[in-house]
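As a plain string of letters, each chain reads:
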Amino acid sequence: MDRSVCVAGLGVSGRAAAAVLARRGARVTLVEARDGAAQRELAGRLRSLGVTVRLGDGDTLPPGTDVVVTSPGWRPDAPLLGAAAAAGVEILGEVELAWRLRGPDAAPWLAITGTDGKTTVVQMLARMLTAAGHRTLAVGNVGTPIVDAVLEPYDVLAVELSSFQLHWSNSLDPYAATVLNLAPDHLDWHGSLEDYARDKAKIFGPGTLAVVNADDDRSVRLGAGAGELVGFTLGTPGPGQLGVVEELLVDRAFVPDPVREAAELAELSDVHPFAPHNVANALAAAALARAYGVPPEAVREGLRAFVPDRHRIEHIATIGEVDYVNDSKATQSHAAAASLAAYPSVVWIAGGLLKGLEVEELVESAAERLRGVVLMGRDRARIAEALKRHAPNIPVVDVADTDTGAMDRVVIEATRLARPGDTVLLAPAGASYDMFANYPARGDAFAAAVRRLAGAR
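Residues numbered from 1 in each chain as written. Predicted model: local features only at pLDDT ≥ 70, side-chain atom pairs only at ≥ 80, totals over all residues. Heavy atoms only, no water.

Asker: Break down the nonpolar core for me, citing the residues and quoting the values.
Answerer: Side chains that are nonpolar tend, in soluble globular proteins, to be buried together. Residues Trp109 and Leu157 are the most contacted members of the largest nonpolar core, which totals 52 residues. Considering each element in turn, this core owes the most residues, seven residues, to helix α1 (residues 12-23). Filtering out sequence-adjacent residues up to four positions away, Trp109 remains in contact with Val95, Ala98, Trp99, Arg102, Ile146, Val150, Leu157, Val159, Leu172, Pro174, Tyr175 and Ala176. Counting 43 residues, the second-largest nonpolar core is a separate cluster that includes Val244, Val271, Leu283 and Ala285. (Core = buried A, V, L, I, M, F, W, Y, C linked by side-chain atoms within 4.5 Å. Buried < 20%, exposed > 50% of the residue type's maximum accessible area, 1.4 Å probe, protein only. Helix = DSSP H or I, 4+ residues; strand = E, 2+ residues; numbered from the N terminus. Contact = heavy atoms within 4.5 Å.)

Shown next as structure tokens:
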């Protein structure tokens, strides 16, 4: 590869792209705005491969650059990317680069995107593929950098793709792919819901079997242009769909006669943690697996083997007949709504950084389930205002504290509002950065506060 490539960013994907390109003979310059001890150590490793690393300047396009490979977090209006676009230099993401580096016998991709559920589905899918005897790996927005994985002899790859990664892609053509759902998110990065949706739709190539969420109109619209379409639904499936019949997950798409036949894939009890949106995740993973020929028994085995990540509807404890559940990963309204829908009677812990997103529909849809609300974080007043309009009789406690003991006070107030049979649910509907380093830190603080409460009783 006799080209001059500028790699933007010294993160995991940037380092992986720079190393792969250098090994393939490209002249690689990596630029990084930060210049600290950690960056210098990483830069030294890359320089040993022949990569030129420029620290302390992430804005200037190196002279003679033929291609820019950008990390997914870089905004399109970043000065370096703007300079590349103005100069007519092609800009690729790591995912697009990986697709182009694939050899003729490369593993096919089963790809997943959506506003919520991507990581859960890609991990469920990998378990199903493994249960069927395929050598596979979950890659992309999770785990191993995809530019490394495409050069290894896998049978098939389970690929999680964010909207940022898809923005910088233009020739992907996965074997099968899904948009799980679509709700406003990252609009500060994409500019509008329409642009966000347009980037998500890039997951469907000309030869891709499109798997859509039949219960989500936006997902259906994004897949409408694909040549072949399969749906999944929490209702009874029609021909060409996967869905739920009584206590069973069933397939009426990948069977010899979808009109008259259905294949039993698993029982609802095989889905854990159990919640309606997680059943939808299981059906999406099953659809992708079945598209690749995975037999029903491997779908069931994969679901049973799946271990969910922490901070996703994670049961922490039961104290005095009240369940305490950590869904700190619910960082926007769509995710919080799915979490709230999983429980009939909830004391809701909410708040954080709303990132400009609306909460009216969320609060209105959850009002009947709420027994009380404890608010925290910078944008809690906006949730309080929505509660006054849609749930005026629900008791609300405002915790203004932001110190290290704030979560203990939040949990104590939630406990005072809870009654036997209730669920105290941390599903903030906002990002964590106003009070915590990230959503796992917020979830850990909640879990620790609950355990201290249990120990005091």
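Asker: Can you break down the environment of Ser71 residue by residue, with the values?
Answerer: Relative to the elements of secondary structure, Ser71 occurs in the loop between β4 (67-70) and α3 (79-86). Considering only alpha carbons, one finds Ser71 and Arg127, 56 residues apart in sequence, at a separation of 28 Å. Filtering out sequence-adjacent residues up to four positions away, Ser71 remains in contact with Ala8, Gly9, Ser13 and Gly14. In terms of polar contacts, Ser71 uses its side chain to reach the backbone carbonyl oxygen of Ala8, at 2.7 Å. (Polar contact = N/O pair within 3.5 Å; in protein donor to acceptor, adjacent residues only side chain to side chain.)

Asker: Let's hear about unusual backbone geometry: which residues, and what values?
Answerer: In the segment running from His272 into Pro273, the intervening peptide bond is cis, with an omega of -5 degrees. Its location among the elements puts Pro273 in the loop between β14 (263-267) and α11 (276-291). One non-glycine residue, Ile313, adopts positive backbone phi at about 35 degrees. The residue Ile313 is located in the loop between α12 (296-305) and β15 (314-319) in this model. For Ala429, which is not a glycine, the phi torsion comes out positive at approximately 65 degrees. Mapped onto the secondary structure, Ala429 falls in the loop between β20 (423-426) and α17 (439-455). Residue classification places Ala429 among the buried residues on the basis of a relative accessible area of 3%.

Asker: Describe the pairing of strand β16 (residues 322-326), naming the residues involved and giving the relevant values.
Answerer: The element β16 is largely enclosed, with a buried count of four among its five residues. Here β15 pairs with β16 via five bridges, running antiparallel. Within β16, the position partnered with Thr318 by the bridge is Asp323. Across four bridges, the pairing between β16 and β20 is parallel. Within the sheet, the bridge partner assigned to Val325 lies in β20 and is Leu425. (Pairing = 2+ DSSP bridges.)

Asker: Please give an account of the packing of helix α5 (residues 118-131) against α11 that cites residues and values.
Answerer: For the pair α5 and α11, interaxial distance at closest approach is 9 Å and the crossing angle is 45 degrees. It follows from the interaxial angle that α5 and α11 lie oblique. Crossing hand, α5 versus α11: right-handed. Counting all contacts with α5, which are made through Thr120, Val121, Met124, Leu125 and Met128, the residues of α11 involved are Asn278, Asn281, Ala282, Ala284, Ala285, Ala286, Leu288 and Ala289. (Axes fitted to C-alpha atoms, helices over the stretch in contact; angles between N-to-C directions. Parallel < 35°, antiparallel > 145°, perpendicular 65-115°, else oblique. Left-handed = near helix turned anticlockwise from the far one by under 90°.)

Asker: Go over the sheet that holds β20, please, and point to the residues and values.
Answerer: Read from one edge of the open sheet, six strands run β15-β16-β20-β17-β18-β19, paired in mixed fashion. Strand pairing shows two members of the sheet lacking a second neighbour, β15 and β19 (396-398), which therefore form its edges. Strand-to-strand twist across the sheet, computed as the mean angle between neighbouring axes with direction ignored, equals 15 degrees. By the bridge criterion, five bridges tie strand β17 (residues 346-350) to strand β18 (residues 370-375) in an arrangement that is parallel. Within β18, the position partnered with Val347 by the bridge is Gly372.

Asker: Residue-level account of the pairing of β20, with values.
Answerer: The alternating pattern of β20 places Thr423 and Leu425 and Val424 and Leu426 on opposite faces, both of which are buried. Pairing geometry for β17 and β20, over four bridges, is parallel. Bridge pairing links Val347 to Val424 in β20.

Asker: Could you give an account of α1, with specific residues and numbers?
Answerer: With twelve residues, α1 extends 17 Å from end C-alpha to end C-alpha; this agrees with the ideal 16 Å at 1.5 Å per step. Burial analysis of α1 places nine of its twelve residues in the buried class, the great majority of the element. Those residues of α1 that sit buried are Ser13, Gly14, Ala16, Ala17, Ala18, Ala19, Val20, Leu21 and Ala22. Backbone geometry just downstream of α1 places Gly25 in the positive-phi region, at approximately 95 degrees. (Expected span 1.5 Å × (residues − 1).)

Asker: Would you mind going over the sheet that holds strand β8 (residues 156-160) in detail, with residue names and values included?
Answerer: Ordered by their spatial adjacency, nine strands build an open sheet running β7-β8-β6-β9-β10-β11-β12-β13-β14, and the pairing between neighbours is mixed. Two strands lie at the open edges of the sheet, namely β7 (136-140) and β14, each paired on one side alone. Averaged over neighbouring strand pairs, the angle between their axes works out to 20 degrees when direction is ignored. Alignment of strand β6 (residues 109-113) against strand β9 (residues 176-179), held across four bridges, turns out to be parallel. In the strand pairing of β9, Leu110 is matched with Ala176.

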